[in-house]
Amino acid sequence: MDLSAADHRIPLSDGNSIPVIGIGTYSEPKITSKGDCLTAVKMAIDTGYRHIDGAYIYKNEHEVGEAIREKIAEGKVQREDIFYCGKLWATKLDPEWVRPTLEKTLSVLQLDYVDLYIIEVPMAFKPGDEVYPRDENGRWLYHNTNLCATWEALEACKDAGLVKSLGVSNFNRRQLELILNKPGLKHKPVSNQVECHPYFTQTKLLKFCQQHDIVLIAYSPLGTSRNPIWVNTSSPPLLKDALLNSLGKKYNKTAAQVVLRFNIQRGVVVIPKSFNPERIKENFQVFDFSLTEDDMNKIEALNKNTRFVELLMWCDHPEYPFHDEY
Ligand SMILES: NC(=O)c1ccc[n+]([C@@H]2O[C@H](COP(=O)([O-])OP(=O)(O)OC[C@H]3O[C@@H](n4cnc5c(N)ncnc54)[C@H](OP(=O)(O)O)[C@@H]3O)[C@@H](O)[C@H]2O)c1
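Conventions and cut-offs
- Residues numbered from 1 in each chain as written.
- Predicted model: local features only at pLDDT ≥ 70, side-chain atom pairs only at ≥ 80, totals over all residues.
- Heavy atoms only, no water.
- Phe/Tyr/Trp six-rings, centres within 6.5 Å; stacked < 30°, edge-to-face > 60°.
- Helix = DSSP H or I, 4+ residues; strand = E, 2+ residues; numbered from the N terminus.
- Buried < 20%, exposed > 50% of the residue type's maximum accessible area, 1.4 Å probe, protein only.
- Lys NZ or Arg CZ within 6 Å of the ring centre and 35° of its normal.
- UniProt positions renumbered as here; feature names shortened; annotations may be inferred.
- Contact = heavy atoms within 4.5 Å.
- Near = heavy atom within 4 Å.
- Polar contact = N/O pair within 3.5 Å; in protein donor to acceptor, adjacent residues only side chain to side chain.
- Areas by Shrake-Rupley, 256 points an atom, 1.4 Å probe, with all protein chains shown as cover.
- Nonpolar A, V, L, I, M, F, W, Y, C, P; charged D, E, K, R; others polar.
- Axes fitted to C-alpha atoms, helices over the stretch in contact; angles between N-to-C directions.
- Parallel < 35°, antiparallel > 145°, perpendicular 65-115°, else oblique.
- Core = buried A, V, L, I, M, F, W, Y, C linked by side-chain atoms within 4.5 Å.
- Pairing = 2+ DSSP bridges.
- Salt bridge = Lys/Arg side-chain N within 4 Å of Asp/Glu carboxyl O.
- Arc of directions from axis to C-beta.
- Left-handed = near helix turned anticlockwise from the far one by under 90°.

**Focus: the packing of aromatic side chains**
A complete count under the given rule lists 15 aromatic pairs for this structure. Pairing Tyr132 with Trp314 gives two aromatic rings, centres 6.3 Å apart and planes at 20°, and the pair type is stacked. Of this pair, Tyr132 sits in the loop between strand E6 (114-119) and helix H4 (147-159) while Trp314 is found in the segment after helix H10 (293-300), placing the two residues 182 residues apart along the sequence. When the centroid spacing of 5.7 Å and the interplanar angle of 75° are considered together, the rings of Phe284 and Phe287 count as edge-to-face. The class of Phe284 is buried, set by a relative accessible area of 14%. Here the aromatic residues Trp89, Phe125, Tyr132, Trp140, Tyr142 and Trp314 are joined through ring pairs into a cluster of three or more. Directly above the aromatic system of Tyr113 lies the positively charged group of Lys164, at a separation of 4.4 Å from the ring centroid.

**A closer look at the UniProt feature "active site" (unreviewed entry) in the chain**
What UniProt calls "active site" (unreviewed entry) maps, in this numbering, to Tyr58. Turning to its location among the elements, Tyr58 is positioned in the loop between strand E4 (51-53) and helix H2 (61-74). Ignoring any residue separated from it by four or fewer positions in sequence, one finds Tyr58 in contact with Thr25, Tyr26, Asp53, Lys87 and Glu120.

**What to know about the site of the ligand**
The ligand sits among 28 residues. The nearest are Asp53, Leu222, Lys273, Ser274 and Arg279. In the model, an oxygen atom of the ligand is placed 2.6 Å from a nitrogen or oxygen of the Ser274 side chain. Considered on its own, the ligand offers 910 Å² of accessible surface; in the complex 85% of this is hidden by protein. It is helix H9 (residues 277-284) that contributes the most residues to the shell around the ligand, three residues altogether. Among the residues forming the shell around the ligand, the class breakdown is eleven nonpolar, twelve polar and five charged.

**Topic: the packing of helix H8 (residues 255-265) against H10**
Following both chains from N to C, one finds H8 and H10 inclined at 105°, their axes separated by 11 Å at the closest point. As judged from the angle between their axes, H8 and H10 are roughly perpendicular. Packed against H8, whose contacting residues are Val258, Phe262 and Gln265, the element H10 presents Met296, Ile299 and Glu300 at the interface. When its residues are assigned to classes, the contact of H8 with H10 shows four nonpolar, one polar and one charged.

**A look at the nonpolar core**
In this structure, Ile18 and Ile52 are the most contacted members of the largest nonpolar core, which totals 103 residues. With seven residues, H8 is the single largest residue contributor to this core. Aside from chain neighbours lying at most four places away, what touches Ile52 is Ile23, Thr25, Val41, Ile45, Val64, Ile68, Ile82, Phe83, Tyr84 and Cys85.

**A few points about the sheet that holds E4**
The eight strands are arranged E3-E4-E5-E6-E7-E8-E9-E10 in an open sheet whose pairing can be described as parallel. On the outer flanks of this sheet lie strand E3 (22-24) and strand E10 (269-270), each paired with one strand and no other. For E4 and strand E5 (residues 83-88), the ladder comprises three bridges, and the chain directions are parallel. Bridge assignment links His51 to a residue of E5, and that residue is Phe83.

**Description of the pattern of salt bridges**
Within the structure shown, the criterion is met by 19 salt bridges. Notably, a salt bridge pairs Asp159 with Lys186, separated by 2.7 Å at the nearest N-O pair. Placement of the pair is Asp159 in helix H4 and Lys186 in the loop between helix H5 (173-180) and strand E8 (191-195), with a sequence separation of 27 residues. Taking the relative accessible area as the measure of exposure, Asp159 reaches 43% and is therefore partly exposed. A single salt-bridge network, built from bridges that share partners, covers Lys250, Asp294, Asp295 and Lys298.

**Some words on H5**
Because the α-helix completes a turn every 3.6 residues, residues three or four places apart line up on one side. Where H5 is concerned, the buried positions are Gln175, Leu176, Ile179 and Leu180. Seen from one end, H5 has its buried residues packed into an arc of 140°, which puts them on one side. Looking at the packing, one finds that the buried side of H5 touches H4, strand E7 (163-169), E8 and helix H6 (203-211). Measuring from the backbone nitrogen of Arg174 back to the side-chain oxygen at the start of H5 gives 3.1 Å, which picks out Asn172 as the cap.

**Observations regarding the packing of helix H7 (residues 242-251) against H10**
Following both chains from N to C, one finds H7 and H10 inclined at 160°, their axes separated by 10 Å at the closest point. Overall, the two elements H7 and H10 adopt an arrangement that is roughly antiparallel. Viewed along their axes, H7 and H10 form a crossing whose handedness is left-handed. For the pair H7 and H10, contact is made by Leu243, Leu244, Leu247, Lys250 and Tyr251 and by Asp295, Lys298 and Ile299, respectively.

**Digging into the environment of Asn276**
The residue Asn276 is located in the loop between E10 and H9 in this model. The exposure class assigned to Asn276 is buried, which follows from its relative accessible area of 19%. Put simply, Asn276 and Ile23 are 253 residues apart on the chain and 11 Å apart in space, counted from C-alpha to C-alpha. Here the side chain of Asn276 touches Arg279 through a polar contact of 2.9 Å, landing on its backbone nitrogen.

As structure tokens, this is what we get:
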């Protein structure tokens, strides 16, 4: 992969392209104040990020939209320079909900289109406005849906110009094949957004995706915020790893920069989240060094094959993606 290009983008199978680094925008509501996301996204754009990863359910999509629109109004960027990825949530997978849900995201963002729209999880929940629907006993209200029908509704959104590229997230190989082998497939998924970092390298899924021209987008590339509510904290903190820190010293970089560079160098897009000015800049300083093949292999060998994001609360869902090997 040529990473010398000024804007560091990689091609997608539909003719579009994706910047190899984006800013993640999921932040725990308890530690986030109004305006934090707005400030962070504006700072990210000033720093050089052109890719922003968001979602309606992150509850800050309006701030992302405001930041993008402000930077366009300032003349800092044009709309076509920005790559925004939005997500279709689990309660909106029935085909009739797809377009209205994307239109809702567009009205919140106040933008005419998103660059990438992805199915956030392959598991459908009871349709409606309750994001995490449960019954009176606290049991999750799952829903049967046909992911191929969801996909056809997404294809119609692309044909209508509401989205440039279509993708998925948290899909395993079988679920990707379901879409890839769908009779009459019009638009292939261009990307699969999954957890990926040196402790969970996704070697097999990455190979499968590369064989099918699907770009792997690494979420939680720094090992998450380690919020025990949704993160498996029994695995040690990634950025404290001794090898990653010693490589950081060798390259005069931080462990965070080493892990981001590792993924970028193997063709994986990274979307580190930071709302901190120094760390937003730090995470973008990954284009002025490259890891040797030997060091890449050493990092790859750190793989523990354990996830930080297991989504175990939904492990009895018929489409729970993580029972399969990959
Ligand atoms: N599709 C999905 O199911 C899914 C799931 C999870 C996440 N995501 C997306 O992926 C994005 C990133 O994943 P994530 O938020 O789970 O985790 P992450 O990016 O791996 O880590 C974020 C945490 O690391 C800290 N941090 C950032 N830069 C750092 C640095 N240079 N050194 C030390 N600490 C640093 C952040 O704190 P500060 O903000 O204080 O810097 C935050 O606590 C999310 O924001 C979201 O957009 C998608």
